[in-house]
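Chain by chain, the residues run as shown.
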Amino acid sequence: MWLSSSEHPSWGRPRRVVFQRLLYGPADRREYALLTIDPDNAPGAHDDPCAPGLVVTARFERPFDPPEPGHPVHVHVWLLTDGTRVQGDRFQPMTTNADAWCTLYASLEEAQEKRARPW
C-alpha cells in the first residue's frame, strides 16, 4: 500500500506502508490499522520526518479494507509519538483529532498521480 495526500504537501510524497494488525480505538464502530513506513521505499526516504509507525482509520465508520486499484481508501492518520499509545490491541490517541488526512493507494503510480504538490 502507498500513503499519500492530495491536500497536504508535507504528506504528498508517496510512502510505502506495511499493514501490521488491526486495533481497537476510541470510536467503537471503526477499525484502526497499525502500519509501518518502509524506510527504503523511495529516494530520500531516510530523510523522512515521519515516525516509523502510523495508525489509520477509514474516513467513514466501516471495516478497514486495503485499497484496490482504482479504489483508494481515504484515511485519518496518527503518527505514533510519545503522546500516542498502542497497548496490546488498543490505540489511544492523546486527542481524537488526527495528525493528517491522507489516502491509501494500491500502487505507487496511482499515489504519485494524486499527490499534493508543493505550493
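Residues numbered from 1 in each chain as written. Predicted model: local features only at pLDDT ≥ 70, side-chain atom pairs only at ≥ 80, totals over all residues. Heavy atoms only, no water.

Turning our attention to the confidence of the model for the chain. Looking at the chain as a whole, its pLDDT mean stands at 82, while 85% of the residues score no less than 70. The least confident element of the chain, judged by mean pLDDT, is strand 6 (residues 85–87) at 79; the most confident is strand 1 (residues 2–4) at 94. Below a pLDDT of 50 lies the segment residues 42–47, which in the model reaches five contacts outside its immediate sequence neighbourhood of four places, other chains included. (pLDDT = per-residue confidence, 0-100. Helix = DSSP H or I, 4+ residues; strand = E, 2+ residues; numbered from the N terminus. Contact = heavy atoms within 4.5 Å.)

Attention now moves to the packing of aromatic side chains. A complete count under the given rule lists three aromatic pairs for this structure. Note on Tyr32 and Trp78: the rings are 6.0 Å apart at their centroids and 50 degrees apart in plane angle, and the pair reads as tilted. Of the two residues, Tyr32 sits in strand 3 (residues 32–37) while Trp78 sits in strand 5 (residues 73–79), which places them 46 residues apart along the sequence. Each member of the pair, Tyr32 together with Trp78, is buried. (Phe/Tyr/Trp six-rings, centres within 6.5 Å; stacked < 30°, edge-to-face > 60°. Buried < 20%, exposed > 50% of the residue type's maximum accessible area, 1.4 Å probe, protein only.)

Here the focus is the side chain of Arg15. Relative to the helices and strands, Arg15 resides in strand 2 (residues 15–23). For Arg15, the side chain forms a polar contact with the main-chain oxygen of Ser10, separated by 3.3 Å. Of the polar contacts made by the side chain of Arg15, one reaches the backbone oxygen of Arg13; its length is 3.2 Å. (Polar contact = N/O pair within 3.5 Å; in protein donor to acceptor, adjacent residues only side chain to side chain.)

It is worth spelling out the sheet that holds strand 1 at this point. Ordered in space as 1-2-3-4-5-8, the six strands form a closed barrel in which the pairing is antiparallel. On average, each strand axis in the sheet is tilted by 45 degrees relative to the strand beside it, whichever way the strands run. In terms of strand pairing, strand 1 meets strand 8 (residues 100–105) through three bridges, oriented antiparallel. Bridging from a neighbouring strand, Trp2 pairs with Tyr105 of strand 8. (Pairing = 2+ DSSP bridges. Axes fitted to C-alpha atoms, helices over the stretch in contact; angles between N-to-C directions.)

Another point: the pattern of salt bridges. A side chain with one charge can pair with a side chain of the opposite charge if their charged atoms come near. Applying the stated rule across the entire model yields two salt bridges. In this structure, Arg16 engages Asp38 in a salt bridge whose closest nitrogen and oxygen atoms are separated by 3.0 Å. A residue pair is termed long-range when its members are at least 10 positions apart, and Arg16 in strand 2 and Asp38 in the loop between strand 3 and strand 4 (53–58) qualify at 22 residues. For Asp38, a relative accessible area of 18% puts it in the buried group. One salt bridge connects Arg21 with Asp89, and the closest N-O pair in it is separated by 3.5 Å. With Arg21 in strand 2 and Asp89 in the loop between strand 6 and strand 7 (90–92), this residue pair connects regions lying 68 residues apart in the sequence. (Salt bridge = Lys/Arg side-chain N within 4 Å of Asp/Glu carboxyl O.)

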